[in-house]
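Spelled out, the chains give:
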Amino acid sequence: MPTNLPAEAKAKWIKVMEARTIEDKIKALEDFLSSVPKHKGTERLREWATKRLAELREELEERKKKKAGARSSFFIEKEGDVQIAVVGPPNAGKSLLVKKLTNAKTIVADYPFSTLTPVPGMMKYNDVYFQLIDTPALSQGSLFRKVIGLIRNADGVIIVLDATSDLVNELEALINMLKREGILLNKPKGRVVIDIQRTGRTGIRVTSMGKIIDGTIDDVRKLLESYRIFNAHVKIYGEVSLDDVEQSIFETTVYKPSVVFINKIDLKIPGSQELELVRKLLPGARVILGSALNNSGLNEIAPTLYEVLEIVRIYTKAPNAPPAEKPVVLRKNATVRDVARSIHSEFIENFLYARVWGKSVKYPGERVGLDHVLQDGDIVEIHVKG
Ligand SMILES: Nc1nc2c(ncn2[C@@H]2O[C@H](COP(=O)(O)OP(=O)(O)OP(=O)(O)O)[C@@H](O)[C@H]2O)c(=O)[nH]1
Ligand SMILES: [Mg+2]
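Read on for a plain summary of the structure. (Residues numbered from 1 in each chain as written. Chains lettered and ligands numbered in written order. Predicted model: local features only at pLDDT ≥ 70, side-chain atom pairs only at ≥ 80, totals over all residues. Heavy atoms only, no water.)

Before going further, it helps to spend a moment on the packing of aromatic side chains. For the coordinates displayed, the defined rule picks out six aromatic pairs. Between W13 and W48, the aromatic rings sit 6.0 Å apart at their centres with planes inclined by 55 degrees, giving tilted as the arrangement. In this pair, W13 sits in helix α1 (residues 7-18) while W48 sits in helix α3 (residues 43-67), placing the two residues 35 residues apart along the sequence. Of the two residues, W13 and W48, both sit in the buried class. (Phe/Tyr/Trp six-rings, centres within 6.5 Å; stacked < 30°, edge-to-face > 60°. Helix = DSSP H or I, 4+ residues; strand = E, 2+ residues; numbered from the N terminus. Buried < 20%, exposed > 50% of the residue type's maximum accessible area, 1.4 Å probe, protein only.)

Dropping the structure here:
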């Protein structure tokens, strides 16, 4: 349903997007919410904004605590290349799994709700650093909102289930809990990514790798402009409606790629019918059977995350120098522009051309422009003016 927001509210949204600090974001979001008229079309938006405000206020509290040197904090600074929240029902084995996969000093205990604060650990695979976060059990309670915040900030999730429990019910409950918070574990049919450009005057560029079912690229441009967004790169994947474009301006729903780890198979091996139902609940996710106790299935986790996250490693190089050892880690459909931006915004402003070696080009060292789509393992040499 369209939100039909008045121009005043739309103008206030841009302030939310432009806010750089949590304090500013809270203020702008409050201001925005007060200008949104109450009717059926804005119901979802208002509900979402209210929850988001609560989350931001909590995050602010946490950051203050951390600054004050408090021992327990829920806010985990991103380290490494991708951040993965390890979530699931109580006592499923989340902590033991994170402990086995990383260097994390997290507590494993044979009673539920033993983990009360998130604990990060680092896992390396194929030159990519995965920061895994052991989280408190996901169930309604005082920590619920905080765990949701952790998941929203993460790039993906590992769902840990206990093979001796009712897998289908547990998973369904978890999916629905997250869905109510605007976190989707199933890839939506289409997806809109809006990259707001803060430097330069690029105008609105729309790259469609799918189709807009009820409008044109020009309609997308007009919609964004009505929100006073004038410099942005809009990427469309799959089938989307103009409504989806508007929802993605608000970021009301986010999709998190996921891996399901069915743990404790040393105690019970799930039946094939049960597994089929699990797969049906999350068709896009990958399911791994294993045991954190016996170390089985653990080796499959990193390569599977790599696949579901659609990770692309790009090795940058300076002219007449060997490629960097540490890749820039991006996602599928990443372009030379994304690589240039990751180095410095000046690389885009002064960009001349790039030379690329690897799977995305016809011959080694081919010259390409900013919009060239790269592939995993490519080497990129960017040439700039002056
Ligand atoms: N048999 C068996 N026990 C396991 C396995 N993985 C974990 N456990 C045990 O299950 C209990 C719970 O493990 P934790 O890692 O603390 O579980 P959790 O999901 O972190 O639990 P909370 O933090 O309380 O939500 C501990 O006694 C573990 O030793 C497994 O693969 N097999
Ligand atoms: Mg735990």
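Picking up after the structure, the text goes on.
On to the pairing of strand β2 (residues 119-125). Relative to strand β3 (residues 128-134), β2 runs antiparallel, the two sharing seven bridges. Bridge pairing in β3 links K124 to Y129. Hairpin connection between β2 and β3: a loop of two residues separates the two successive antiparallel strands, and N126 in this loop has a positive phi of roughly 50 degrees. (Pairing = 2+ DSSP bridges.)

This paragraph deals with the site of ligand 1. Taken together, 23 residues sit near ligand 1, with K94, S95, F113, S114 and T115 positioned nearest. Contacts to ligand 1 include N91, whose backbone N or O atom sits 3.1 Å from an oxygen atom. Its free accessible area being 650 Å², ligand 1 has 90% of it covered by the protein chains. The cavity where ligand 1 resides is the second largest pocket. Take the shell around ligand 1: its biggest share by element is three residues, from helix α4 (residues 94-101). For the shell around ligand 1, the per-class residue count stands at twelve nonpolar, seven polar and four charged. (Near = heavy atom within 4 Å. Polar contact = N/O pair within 3.5 Å; in protein donor to acceptor, adjacent residues only side chain to side chain. Areas by Shrake-Rupley, 256 points an atom, 1.4 Å probe, with all protein chains shown as cover. 1 Å grid on protein atoms, 1.4 Å probe; cavity = no way out; pocket = protein on both sides within 12 Å on 5 of 7 lines; lining within 4 Å. Sits in = over half its atoms within 2 Å of the grid points. Nonpolar A, V, L, I, M, F, W, Y, C, P; charged D, E, K, R; others polar.)

Bringing the sheet that holds strand β14 (residues 351-357) into the picture now. Whether parallel or antiparallel, the strands of a sheet pair through hydrogen bonds between backbone atoms. Across the sheet, five strands lie side by side as β13-β12-β16-β14-β15; this open sheet has mixed pairing. Edge strands, defined here as strands with exactly one partner in the open sheet, are β13 (328-331) and β15 (366-368). Put simply, the sheet's adjacent strands are angled 35 degrees from each other on average, direction ignored. Strand direction decides the pairing type here: β14 and β15, joined by three bridges, are antiparallel. Note that in β15 the partner of A354 across the bridge is V368. (Axes fitted to C-alpha atoms, helices over the stretch in contact; angles between N-to-C directions.)

Below, the discussion takes up the coordination of the magnesium ion (ligand 2). With distances of 1.9 to 2.1 Å, the protein atoms coordinating the magnesium ion (ligand 2) are S95 (OG) and T115 (OG1). In this pair, S95 sits in helix α4 while T115 sits in the loop between α4 and β2, placing the two residues 20 residues apart along the sequence. (Donors = N, O, S within 2.8 Å, 3.2 Å for Na, K, Ca; no water.)

Quick look at the side chain of D378 now. Mapped onto the secondary structure, D378 falls in the loop between β15 and β16 (379-384). Buried within the structure, D378 lacks any salt-bridge partner; K359 is the closest side chain of opposite charge, at an N-O distance of 6.8 Å. From its side chain, D378 meets the backbone nitrogen of K359 in a polar contact 3.0 Å long. Apart from the residues within four sequence positions on either side, D378 is in contact with R313, I314, Y315, V356, W357, G358, K359 and S360. (Lys, Arg positive; Asp, Glu negative; His and termini not counted. Salt bridge = Lys/Arg side-chain N within 4 Å of Asp/Glu carboxyl O. Contact = heavy atoms within 4.5 Å.)

Attention shifts here to the environment of K51. Within the fold, K51 resides in helix α3. For the pair K51 and P319, spaced 268 residues apart in the sequence, the C-alpha separation amounts to 49 Å. Excluding its chain neighbours within four sequence positions, the residues that come into contact with K51 are R145, R180 and E181.

Here we take up empty space enclosed by the protein. Enumeration over the complete set of coordinates arrives at two cavities of 30 Å³ or more. As for the largest cavity, its lining consists of 14 residues, of which E59, F74, K146, G149 and L150 are closest to the centre. Split by residue class, the lining of the largest cavity holds five nonpolar, three polar and six charged. Both of domain 1 (1-75) and domain 2 (82-187 + 254-308) provide at least three residues apiece to the lining of the largest cavity. The space that makes up the second largest cavity amounts to roughly 40 Å³. Lining the second largest cavity are R52, E55, E59, G149, R152 and N153. Listing elements by their share of the lining of the second largest cavity, those giving two or more residues are α3 and α5 (144-153). (Points joined across faces, edges and corners; volume = space filled by probe spheres on them. Domains from an automatic or database assignment.)

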